[in-house]
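# Structural overview for review
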Amino acid sequence: MDASTTAPPPLDAPSVIAVKRDGGELCDAQIDWVIDGYTQGRIAEEQMSALLMAIYLRGMTTAEITRWTAAMVASGQRFDFTDLRRDGKPLALVDKHSTGGVGDKITIALLPVVMACGGAVPQAAGRGLGHTGGTLDKLEAIPGFTAELSKNQIRQQLCELGAAIFAAGELAPADRKIYALRDITGTVESLPLIASSVMSKKLAEGARALVLDVKVGRGAFLKTEAESRALARTMVDLGTASGVPTRALLTDMNRPLGYTVGNAVEVVESLEVLAGGGPGDVVELTLALAAEMLDAAGIDGVDPAETLRDGSAMDRFERLVAAQGGDLRAGLPLGAATETVTAARGGVLTDVDAMAVAMAAWRLGAGRAEPGAPVQAGAGVRIHRRPGDPVTAGETVFTLYTDTPDRLPAALAELDDAWSVGDTAPPELPLLIDRLG
């Protein structure tokens, strides 16, 4: 049939769902129609849920992912900070995004380090998704902190402080709705949906360069290195093709990062890093990502580690929190109801399952089961021993915190098979696996 007489694709929800259900490829018009229709409320939640599940099961082609991402960017405004200056020079605008981990509080210390080194970070941050904690949920554990910033305040903070952490708001509003729906429909772990979600917000937020932290292992959304590598490559290509130079680090997420998983407990640990201490793995990843961000932004001749030693990163964090209404002096909450898990025998801790710990924190109230539901700022898990550490019989391995005591049994059950004690230390796993871009 001649192309000029080819019938246009059907633009109704059942037809679009059926195309993907049956393994077909959505055309540009169908993708644009779906994203706009769902954003504007013309497509029902049940219909979008069905399409997301079809995408989860059937996947998407590169062309589909590219168009889906572009349609989400086009659903809202796109920030442009190219006119901003500091000392007469354009801002070195760069951002970082993690695909979601367990105990992944890296952003909280990383941004102040980059700020102290001369970078400017427009950070459109998210809330918890699935088993992973969200940066905004963690920072909002600080009394008074808000991520609801006007565009003028974002611009002012970038110029005067070097960063702003804000809810996406009108940036890719389609993604905000889809993100919340994925969280409660079992469609989080989808390469196309993860890639398009991340990149739609990042392409809209106005950074000139982007560094991705793509997680690999049991606590990641995508469990195998091959899947995570494919995700990283997809996002790097999406960013680069859109004019935002993008690179990615593949990092291990078989074990939790640091010693805490939750909201306020992770902020406390981040403050330890900013004070020049903190867990070695959190410090290592913070500095590795900082070096990548500074290089991507064209900043050289500075040592990010020095900002932790001399207090300049802590100073930047305190100023950033204060600018966004937070009061660190008011203290951080901790769940009033606690329970401990102790070792039945002595030996060496051989394993801690990141996913199980994440689910325990979620059960305690650190995450949400419904879109928009509140989280408990004080809920979380403290890990007292890490793989390779010696333990004695009766020693505390985990402490659980919640403000809802009846949540404790389910959280404890998640930890039943989450760890093990043996006689021989496990092999050390490299935190940094590879670099792409």
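Our subject is the structure that appears above.
What you see is a predicted model; the values in this text were computed from it and never measured.

Conventions used here
- Residues numbered from 1 in each chain as written.
- Predicted model: local features only at pLDDT ≥ 70, side-chain atom pairs only at ≥ 80, totals over all residues.
- Heavy atoms only, no water.
- Helix = DSSP H or I, 4+ residues; strand = E, 2+ residues; numbered from the N terminus.
- Rg over C-alpha atoms; globule rule 2.2 N^0.38 Å.
- Buried < 20%, exposed > 50% of the residue type's maximum accessible area, 1.4 Å probe, protein only.
- Contact = heavy atoms within 4.5 Å.
- Lys, Arg positive; Asp, Glu negative; His and termini not counted.
- Charge placed at Lys NZ, Arg CZ, Asp CG, Glu CD.
- Axes fitted to C-alpha atoms, helices over the stretch in contact; angles between N-to-C directions.
- Parallel < 35°, antiparallel > 145°, perpendicular 65-115°, else oblique.
- Left-handed = near helix turned anticlockwise from the far one by under 90°.
- Nonpolar A, V, L, I, M, F, W, Y, C, P; charged D, E, K, R; others polar.
- 1 Å grid on protein atoms, 1.4 Å probe; cavity = no way out; pocket = protein on both sides within 12 Å on 5 of 7 lines; lining within 4 Å.
- Points joined across faces, edges and corners; volume = space filled by probe spheres on them.
- Salt bridge = Lys/Arg side-chain N within 4 Å of Asp/Glu carboxyl O.
- Pairing = 2+ DSSP bridges.
- Phe/Tyr/Trp six-rings, centres within 6.5 Å; stacked < 30°, edge-to-face > 60°.

## Considering the overall build of the protein chain
Scanning the protein chain from N- to C-terminus turns up 16 helices and 15 strands. In terms of C-alpha radius of gyration, the protein chain reaches 22 Å, essentially the compact-globule figure of 22 Å for 437 residues. Taken over 437 residues, the protein chain has a buried fraction of 54%. Taking the intrachain contacts of the protein chain between residues at least 6 apart in sequence as the baseline, contacts between residues at least 24 apart amount to 79%. Within the protein chain, the 57 negative side-chain charges are centred at a point lying 3 Å from the centre of the 40 positive side-chain charges.

## Topic: the packing of helix 7 (residues 151-160) against helix 14 (residues 312-323)
Geometry of a packed helix pair, given as the angle between the helix axes and the separation of the axes. One way to put it is that helix 7 packs onto helix 14 with a least axis distance of 12 Å and a crossing angle of 160 degrees. Judged by the inter-axis angle, helix 7 sits roughly antiparallel to helix 14. Considering how the two elements wind past one another, helix 7 and helix 14 form a crossing that is right-handed. Residue-level inspection shows Q153, Q157 and E160 of helix 7 in contact with helix 14, the latter providing R316, R319, L320 and A323. When its residues are assigned to classes, the contact of helix 7 with helix 14 shows 2 nonpolar, 2 polar and 3 charged.

## Looking at the side chain of E266
Structurally, E266 is set in helix 11 (residues 264-274). On the basis of relative accessible area, E266 is assigned to the buried category, the value being 2%. Those residues in contact with E266 that lie beyond four places of it in its chain are G103, D104, K105, K138, T260 and V261.

## Here we look at empty space enclosed by the protein
What the rule picks out here adds up to 3 cavities of 30 Å³ or more. By volume, the largest cavity is sized at about 360 Å³. Counting residues per element, the lining of the largest cavity draws most heavily on helix 9 (residues 191-204), which supplies 5 residues. Grouping the amino acids of the lining of the largest cavity by side-chain chemistry returns 7 nonpolar, 13 polar and 7 charged.

## A few points about the pairing of strand 5 (residues 163-167)
It is a general feature of regular strands that their side chains alternate between the two faces of the sheet. With respect to burial, strand 5 is a largely interior element, 5 of its 5 residues being buried. Of the two faces of strand 5, the one carrying A163, I165 and A167 and the one carrying A164 and F166 are both buried.

## Here's the deal with the pattern of salt bridges
Applying the stated rule across the entire model yields 29 salt bridges. The partner of K202 in a salt bridge is D95, and the shortest N-O contact between them spans 2.5 Å. Separated by 107 residues along the polypeptide, K202 in helix 9 and D95 in strand 3 (residues 94-98) bring together distant segments of the chain. Of the two residues examined, K202 and D95, each falls in the buried class. Of the charged contacts in the structure, one is a salt bridge between D315 and R319, with a shortest N-O distance of 3.8 Å. Taken together, the residues span about one helical turn, with D315 and R319 both in helix 14 at a distance of 4 residues. We classify D315 as partly exposed; its relative accessible area is 36%. Using a relative accessible area of 37% as the deciding quantity, one classes R319 as partly exposed.

## Some points on the sheet that holds strand 10 (residues 347-352)
In spatial order, the strands read 12-10-14; together these 3 strands make up an open sheet with antiparallel pairing. The open sheet has two free edges, formed respectively by strand 12 (390-391) and strand 14 (419-422), since each of these has just one partner strand. In this structure, strand 10 lies alongside strand 14, joined through 4 bridges in antiparallel fashion. The residue bridging V352 from the neighbouring strand is W419, located in strand 14.

## So, unusual backbone geometry
In this structure, D87 is a non-glycine residue whose phi angle is positive, near 55 degrees. Along the polypeptide, D87 turns up in the loop between strand 1 (85-86) and strand 2 (89-90). Accessibility expressed as a relative area gives 76% for D87, which makes it exposed. For A172, which is not a glycine, the phi torsion comes out positive at approximately 45 degrees.

## Some thoughts on the sheet that holds strand 13 (residues 396-402)
The antiparallel open sheet is built from 4 strands, whose spatial order is 8-11-13-9. Where the open sheet ends on each side, the last strands, each with one partner, are strand 8 (260-262) and strand 9 (337-342). Each strand of the sheet is rotated relative to its neighbour by a mean of 15 degrees, with strand direction disregarded. The pairing of strand 8 with strand 11 (residues 380-383) spans 3 bridges and is classified as antiparallel. Counterpart to G262 in the pairing with strand 11 is G380. The sheet strands contacting helix 11 are strand 8 and strand 11, and the helix crosses strand 8 at an angle near 140 degrees. Against the sheet, helix 15 (residues 354-366) engages strand 8, strand 11 and strand 13, with an angle of about 140 degrees to strand 11.

## A short note on the packing of aromatic side chains
Two numbers describe a pair of aromatic rings. These are the distance of the centres and the angle of the planes. Enumeration according to the criterion identifies 3 aromatic pairs in this entry. Consider the rings of F79 and F166, whose centres lie 5.9 Å apart with planes at 50 degrees: the pair is tilted. You can see F79 sitting in the loop between helix 4 (62-74) and strand 1 and its partner F166 sitting in strand 5, a full 87 residues away along the chain. Of the two residues, F79 and F166, neither departs from the other in class, the shared state being buried. Within the aromatic cluster, the residues linked to one another by ring pairs are F79, F81 and F166.

## Observations concerning the environment of G278
You can see G278 is positioned in the loop between helix 11 and helix 12 (280-296). If sequence neighbours within four positions are ignored, G278 has contacts with E272, V273 and V283.

Remember that the coordinates give geometry; whether it matters functionally is a separate question.
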